[in-house]
Amino acid sequence: MKRVYVNEAWCLGCHLCEYNCAFANSGLSDMVLALKGKPIYPRIHVEENEQISYAVSCRHCKDPVCVKSCIAGALSKQDGVIRIDKNKCVACYTCVLVCPYGALAPSEAGVMQKCELCLQNACGEPACVKGCPNRAIVYEERGEAE
Amino acid sequence: MKQYVIIGNGVAAAGCIEGIRSVDPEGGITVISEEKRAVYCRPLISYYLEGKTDLDRIGYRGADFYESMRARVLLGRKAVRIDPDAREIELDDGEKIGYTELCIAAGSSPFVPPFEGLDSVKNKYSFMTLDDALALDRGIGPDSRVLIVGAGLIGLKCAEGLAGRVKSVTVCDLADRVLSSILDTECAAMMQRHLERHGISFFLNDSAARFEENTAYMKSGAAVPFDVLVLAVGVRANTSLFKDMGGEVNRGIIVDERMRTSAQGIYAAGDCAEGTDISIGQKRVLAILPNAYMQGHAAGVNMAGGCEVFDKAIPMNSIGFFGLHAMTAGSYDGELYEEKTENSLKRLFTGDDLLKGFILIGCDERAGIYTSMIREKTPLSSVDFTLLKKAATTAAFSAEERRKKFGGVV
Ligand SMILES: Cc1cc2nc3c(=O)[nH]c(=O)nc-3n(C[C@H](O)[C@H](O)[C@H](O)COP(=O)(O)OP(=O)(O)OC[C@H]3O[C@@H](n4cnc5c(N)ncnc54)[C@H](O)[C@@H]3O)c2cc1C
Ligand code: SF4
Ligand code: SF4
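Residues numbered from 1 in each chain as written. Chains lettered and ligands numbered in written order. Predicted model: local features only at pLDDT ≥ 70, side-chain atom pairs only at ≥ 80, totals over all residues. Heavy atoms only, no water.

Colleague: What should I look at first to understand the side chain of B:Thr129 in this one?
Modeller: Locating B:Thr129 in the fold gives a position in the loop between strand E9 (124–126) and helix H4 (130–139). Once residues within four sequence positions are removed from consideration, B:Thr129 is found in contact with B:Glu35, B:Tyr40, B:Arg42 and B:Ile45. (Helix = DSSP H or I, 4+ residues; strand = E, 2+ residues; numbered from the N terminus. Contact = heavy atoms within 4.5 Å.)

The structure is reproduced here in structure tokens:
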């Protein structure tokens, strides 16, 4: 299955991926309308220390501890993609407590959200990857188990 | 062909079914369920009272779950005896069901200490099942004064669920603080203040000594009038079936890391089982949902002839009340690192070059990075703990570790 991979040596720390993610998932067609002057709720975030930066989003784990821990049955694996049913989530934060990568965070509405590879929105493929100016994140098959 | 039987139909059973089917598409699966319901999310019964979920959404899996898993469910039937020699289960109506592999996923039951005069209380409830919640839902009104005995997770979740719907909610507990099994004194005080701001009153270090119809007389002498009583003192693992057949039982049914019990062909999982808590290296019942699923899944895989070891069990809870979340994991033994603000509290406990446990209140971002370090026993010397103390970030791991995690490099 194709996943999003990072090459931290190439990350500029520009946070564009975060904006592209928030826009792609806003359901709006105008980026300014969608994002300008508002707090954004991206499903990818740039982590950094003094030397490096890199973008982190859900790894779509083979053994997804979030799915196994969700108290509401809101997380599931479908064709290898870890999906969230926001209608079932009760915002208990158990998934945040267990995800080893910090890949879940609350949405504007309070319930959790996570990267679903843009397969459900109008973008159809990860918007973060599409918009990365330095190819520091790529969307490809690397033979990892699903 | 194998004949799998599962006693119980909660989340551990669901994990077991999915575990079996990940290995064996063919064997017969029979689930014996005392409750007359498809598997539902037990922790959501307080959210049901609050209106944050409903009978459609509270289901743990989709409507076609048993069908798609080709599992037969016997709803409203109870297993009363296990005959390990004949490999048979006897049901309450005398029917016998044979098994080649059995999983006991019978969960836990509310424990009610003998209170004097409890029989005189008419409007009283437990808070364990969806039926309990539905009965409580019918038993309350806007004028009800509710008394909850037990300031643990279940009692307080019940309090939160009821707060907006009744006149008053009072909680009492023998312990000197709320959530005494997961919070230390200062953290508990912070949570208690928050709950009090939302209208919940407390009698701590004190509890009901006896009841007289609609009044509880406390040990301290206070008289607390109420209309509705909820008993949430504690839970006990359902071990009797296994104990009666001579199996090894402590507080729960003793299991190894593949969920095998002391009896051939019999596995146990979830709230009724006692496996190893790796944060203290001792056997312990961990009555939390993630544990139920993971143990159930491991049991299922092993029952079906696969091999799944579950050796990462630790206590871990994420519990929120009126918007303030407390996250806890592991054990609180060791050296303390602390950060405090008016609205948040972070406590990390370290020792033996490991993160042993934590309490986080009001600062939950990416907490799973800490949890995974406890579960994986990540040596602190292999990470930049100075950075990690301030914020949970994978940037504190080594470059090689990050390549493994995010670059698909194995
Ligand atoms: C109000 C509440 C809130 C909670 N909140 C959280 C939370 O936020 N996070 C968390 O991690 N955990 C929480 N828990 C705990 C969590 O619900 C349990 O750990 C989990 O449901 C255990 O699953 P289980 O399958 O082992 O047992 P159960 O869900 O108890 O299922 C066992 C089933 O077996 C049936 N059974 C028992 N004996 C027999 C028999 N002889 N024959 C047939 N059937 C039988 C029972 O009727 C029951 O339906 C909460 C629990 C409650 C009550
Ligand atoms: S949310 Fe976290 S635990 Fe779940 S699949 Fe993604 S990376 Fe894995
Ligand atoms: S916050 Fe939502 S998705 Fe996460 S564990 Fe709780 S109910 Fe499941």
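Colleague: Looking at this structure, how should I read the site of ligand 2?
Modeller: What surrounds ligand 2 is a group of 13 residues, the closest being A:Cys58, A:Arg59, A:Cys61, A:Cys66 and A:Cys99. The residue inventory of the shell around ligand 2, partitioned by class, reads ten nonpolar, one polar and two charged. (Near = heavy atom within 4 Å. Nonpolar A, V, L, I, M, F, W, Y, C, P; charged D, E, K, R; others polar.)

Colleague: Help me out: how do you make sense of the domain arrangement of chain A in this one?
Modeller: All names here are of chain A. Domains assigned within chain A are domain 1 (1–57 + 121–146) and domain 2 (61–114). Computed over C-alpha atoms only, the centres of domain 1 and domain 2 are separated by 19 Å. Of the residues lining the interface, eleven residues belong to domain 1; the matching set on domain 2 comes to 15 residues. Summed over both sides, the interface between domain 1 and domain 2 buries roughly 930 Å², with carbon and sulfur atoms accounting for 54% of that surface. Of all residues in domain 1, Tyr41, Arg43 and Glu146 bury the most surface against domain 2, accounting for 56% of the area lost on that side. Summed over the shared surface of domain 1 and domain 2, the number is zero salt bridges. Here domain 1 and domain 2 share two residue pairs in polar contact (both at pLDDT 80 or more) between them. The residue inventory of the side of domain 1 that touches domain 2, partitioned by class, reads five nonpolar, two polar and four charged. (Domains from an automatic or database assignment. Buried area = accessible area lost by both parts, 1.4 Å probe. Salt bridge = Lys/Arg side-chain N within 4 Å of Asp/Glu carboxyl O. Polar contact = N/O pair within 3.5 Å; in protein donor to acceptor, adjacent residues only side chain to side chain.)

Colleague: Would you mind going over helix H1 (residues 11–21) of chain B with me for this structure?
Modeller: Three or four residues apart is the spacing at which side chains of an α-helix point the same way, because the helix has 3.6 residues per turn. All names here are of chain B. Burial within H1 is extensive, with eleven of its eleven residues counted as buried. Taken together, the buried positions of H1 are Val11, Ala12, Ala13, Ala14, Gly15, Cys16, Ile17, Glu18, Gly19, Ile20 and Arg21. Packed against the buried residues of H1 are strand E1 (3–7), strand E2 (28–33), helix H3 (65–68), strand E7 (101–104) and helix H8 (289–303). (Buried < 20%, exposed > 50% of the residue type's maximum accessible area, 1.4 Å probe, protein only.)

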